[in-house]
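Architecture at a glance
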Amino acid sequence: MILFPDGRRMLGVLAAPLLVALLAGCNAATPYPNPDNPIRGARVSANPYPPGSDAYCRTYARQTAANAYEGRIDRSEDGFGVRQITEEFARRDGARAYQRCRAGRVN
């Protein structure tokens with residue numbers, strides 16, 4: 001047993017960072033977007049373009065579409081047809097996001 005100089009046990013102090021480190025591995029295992037995501041160019045980061053610009057809205061739309069696809073797809077069960085339909089829905093969500101962004105509504 002590891003003790004602090006004043007006699008208290010150190011187990012609780014060591015357990016919390018260990019738990020956080022182990023859970024971080026769950027998020028680091030799968031890249032985003034996944035390699036088989038058909039929405040290319042989306043990335044996890046802040047939008048680097050000035051808000052309201054066409055480049056900003058295109059990035060916003062791409063990220064929205066990738067998020068929609070990732071949220072709907074089930075890689076272990078979905079077949080080719082379901083993936084195509086899911087991709088189409090995600091692209092439609094991205095197109096709507098682009099129109100919202102161009103209108104000044106990004107929330």
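Residues numbered from 1 in each chain as written. Predicted model: local features only at pLDDT ≥ 70, side-chain atom pairs only at ≥ 80, totals over all residues. Heavy atoms only, no water.

This part covers the overall build of the protein chain. Across its full length, the protein chain holds three helices and zero strands. For the protein chain, the α and β elements follow one another from N to C terminus as α-α-α. For the protein chain, the share of sequence-separated contacts (at least 6 apart) that also reach a separation of at least 24 residues comes to 51%. A total accessible area of about 7500 Å² is found for the protein chain, and carbon and sulfur atoms account for 59% of it. (Helix = DSSP H or I, 4+ residues; strand = E, 2+ residues; numbered from the N terminus. Contact = heavy atoms within 4.5 Å. Areas by Shrake-Rupley, 256 points an atom, 1.4 Å probe, with all protein chains shown as cover.)

Taken as a class, soluble globular proteins show a tendency for nonpolar side chains to be buried jointly. Listed in full, the eight residues of the largest apolar core are Ile 39, Ala 42, Ala 65, Ala 66, Ala 68, Tyr 69, Ile 73 and Ala 90. Counting residues per element, this core draws most heavily on helix 2 (residues 54-72), at four residues. Once residues lying within four places of it in the same chain are set aside, the contact partners of Ala 68 are Ala 90 and Asp 93. In this structure, Cys 57, Tyr 60, Ala 97 and Cys 101 belong to the second largest nonpolar core, which totals seven residues. (Core = buried A, V, L, I, M, F, W, Y, C linked by side-chain atoms within 4.5 Å. Buried < 20%, exposed > 50% of the residue type's maximum accessible area, 1.4 Å probe, protein only.)

Once that is clear, we can look at the state of the cysteines. For the structure shown, the criterion picks out one disulfide. Covalently, Cys 57 is tied to Cys 101 through a disulfide, its sulfur atoms 2.1 Å apart. One disulfide, between Cys 57 and Cys 101, carries an S-S torsion of -75° and so falls in the left-handed class. With Cys 57 in helix 2 and Cys 101 in helix 3 (residues 80-102), this residue pair connects regions lying 44 residues apart in the sequence. Taken as a pair, Cys 57 and Cys 101 share a single burial class, namely buried. (Disulfide = S-S within 2.5 Å.)

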